[in-house]
Amino acid sequence: MSFRDALIAAVYAKPCRRLAYLESTGTQYIDTGVPLTGNSRWRIEFGKPVGASDVLCAVFGARDSYGSANTSILFQSPSRMTYGVVVFSFPVLYSTVEMRGEELYIDDALAHTFPQAAFTTAPNALLFSAYSSRVDIITGAKAAISRCQIWQDGVNLTRDLVPVLDSAGAPCMYDQVTKAFYHNAGSGIFLYE
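Draft legend 1. Representation of the overall build of the chain within the structure. When helices and strands are tallied, the chain shows one helix and 19 strands. In the chain, which comprises 193 residues, the proportion classed as buried is 49%. Pairs at least 24 apart in sequence give 62% of the contacts found in the chain among residues at least 6 apart. Only carbon and sulfur atoms are counted for the fraction: they give 54% of the accessible area of the chain, which is about 8600 Å².

Here it is, written out as structure tokens:
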């Protein structure tokens with residue numbers, strides 16, 4: 001968390017205005033401050049990315065290297081989602097994706113069970129993008145996110161990020177657990193509703 005974010009969090013106990021979602025144009029992202037493990041649980045409510053092509057576009061995640069144990073949601077087209085090495089059809093416009101240990105759920109239906117893996121990502125998980133050792137930061141998806149929850153140890157809620165306008169009117173995510181603001185770490189400005 002930056003000094004500015006820490007100062008704002010200390011002065012304001014709650015965000016100024018709750019939003020329905022933040023939307024990235026592909027260059028904005030949020031550093032959650034949380035490295036993920038094989039035990040981590042997370043849940044993201046988001047609108048299907050638009051404009052994805054053969055270039056990987058990330059909605060969330062972190063990975064140490066291609067092919068290693070990792071946690072990231074990647075899109076190669078608006079109807080294909082890749083998690084790890086598994087490709088999923090993604091027919092709906094707005095979805096909830098949740099990882100519970102080794103089980104991946106899409107809209108509360110079990111989509112896939114992965115083998116148990118013991119790992120900790122070196123980089124923190126990003127929202128609207130993902131860290132990758134091959135390209136540093138994977139191209140961010142043009143997606144709208146309405147909530148992101150992370151249980152780093154799989155049990156205790158570590159982050160509960162919701163979109164807000166801070167007291168200065170800047171669109172950002174507010175963590176309902178730590179009472180801290182998480183601002184854009186990329187370039188440009190988030191769209192919102």
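Draft legend 2. Region of interest: the pattern of salt bridges. What the rule picks out here adds up to six salt bridges. Ionic pairing is found between Arg41 and Glu98, a salt bridge with its closest N-O pair at 2.7 Å. On the criterion of sequence distance, the pair formed by Arg41 in strand E4 (residues 41–47) and Glu98 in strand E9 (residues 94–100) is long-range, its members being 57 residues apart. Here Arg41 falls in the partly exposed class, since its relative accessible area comes to 26%. The network of salt bridges with shared partners includes Arg41, Arg43, Glu98, Arg100 and Asp108.

Draft legend 3. Up close: the nonpolar core. Core analysis: the biggest nonpolar cluster contains 30 residues, and Trp42, Ile44, Phe60, Leu127, Phe128, Ile145 and Met173 have the highest contact counts within it. Sorting the residues of this core by element identifies E4, strand E5 (57–63), E9, strand E12 (126–127), strand E15 (144–151), strand E16 (159–165) and strand E18 (180–182) as the ones contributing at least two each.

Draft legend 4. Spotlight on the packing of aromatic side chains. Throughout the structure, instances matching the rule amount to two aromatic pairs. Taken together, a centroid distance of 4.9 Å and an interplanar angle of 45 degrees make the contact between Phe128 and Phe190 tilted. Here Phe128, found in the loop between E12 and strand E13 (130–132), pairs with Phe190, found in the loop between E18 and strand E19 (191–192); they are 62 residues apart in sequence, far enough to count as distant. One exposure class covers both Phe128 and Phe190, and it is buried. Over the ring of Trp151 we find Arg41, and its NZ or CZ is 4.1 Å from the ring centre. The ring of Tyr105 has Arg100 sitting right over it, with the charged end atom 3.8 Å from the ring centre.

Draft legend 5. Fine view of the environment of Gly154. When you line up the elements, Gly154 lands in the loop between E15 and E16. Overall, Gly154 belongs to the partly exposed group, its relative accessible area being 26%. In the structure, Gly154 is positioned 118 residues away from Leu36 in sequence and 9.8 Å away in space, judged by C-alpha atoms. Sequence-distant contacts of Gly154, that is, excluding residues within four places in its chain, are made with Asn39, Ser40 and Arg41.

Draft legend 6. Structural context of unusual backbone geometry. Even without glycine at this site, Asp108 takes up a positive phi of about 65 degrees. Mapped onto the elements, Asp108 comes out in the loop between strand E10 (103–106) and strand E11 (109–113). By relative accessible area, Asp108 is classed as exposed at 51%. In this structure, Lys179 is a non-glycine residue whose phi angle is positive, near 60 degrees. Mapped onto the elements, Lys179 comes out in the loop between strand E17 (171–175) and E18. Lys179 gets classed as partly exposed once you look at its relative accessible area, which sits at 40%.

Cut-off values and rules
- Residues numbered from 1 in each chain as written.
- Predicted model: local features only at pLDDT ≥ 70, side-chain atom pairs only at ≥ 80, totals over all residues.
- Heavy atoms only, no water.
- Helix = DSSP H or I, 4+ residues; strand = E, 2+ residues; numbered from the N terminus.
- Buried < 20%, exposed > 50% of the residue type's maximum accessible area, 1.4 Å probe, protein only.
- Contact = heavy atoms within 4.5 Å.
- Areas by Shrake-Rupley, 256 points an atom, 1.4 Å probe, with all protein chains shown as cover.
- Salt bridge = Lys/Arg side-chain N within 4 Å of Asp/Glu carboxyl O.
- Core = buried A, V, L, I, M, F, W, Y, C linked by side-chain atoms within 4.5 Å.
- Phe/Tyr/Trp six-rings, centres within 6.5 Å; stacked < 30°, edge-to-face > 60°.
- Lys NZ or Arg CZ within 6 Å of the ring centre and 35° of its normal.

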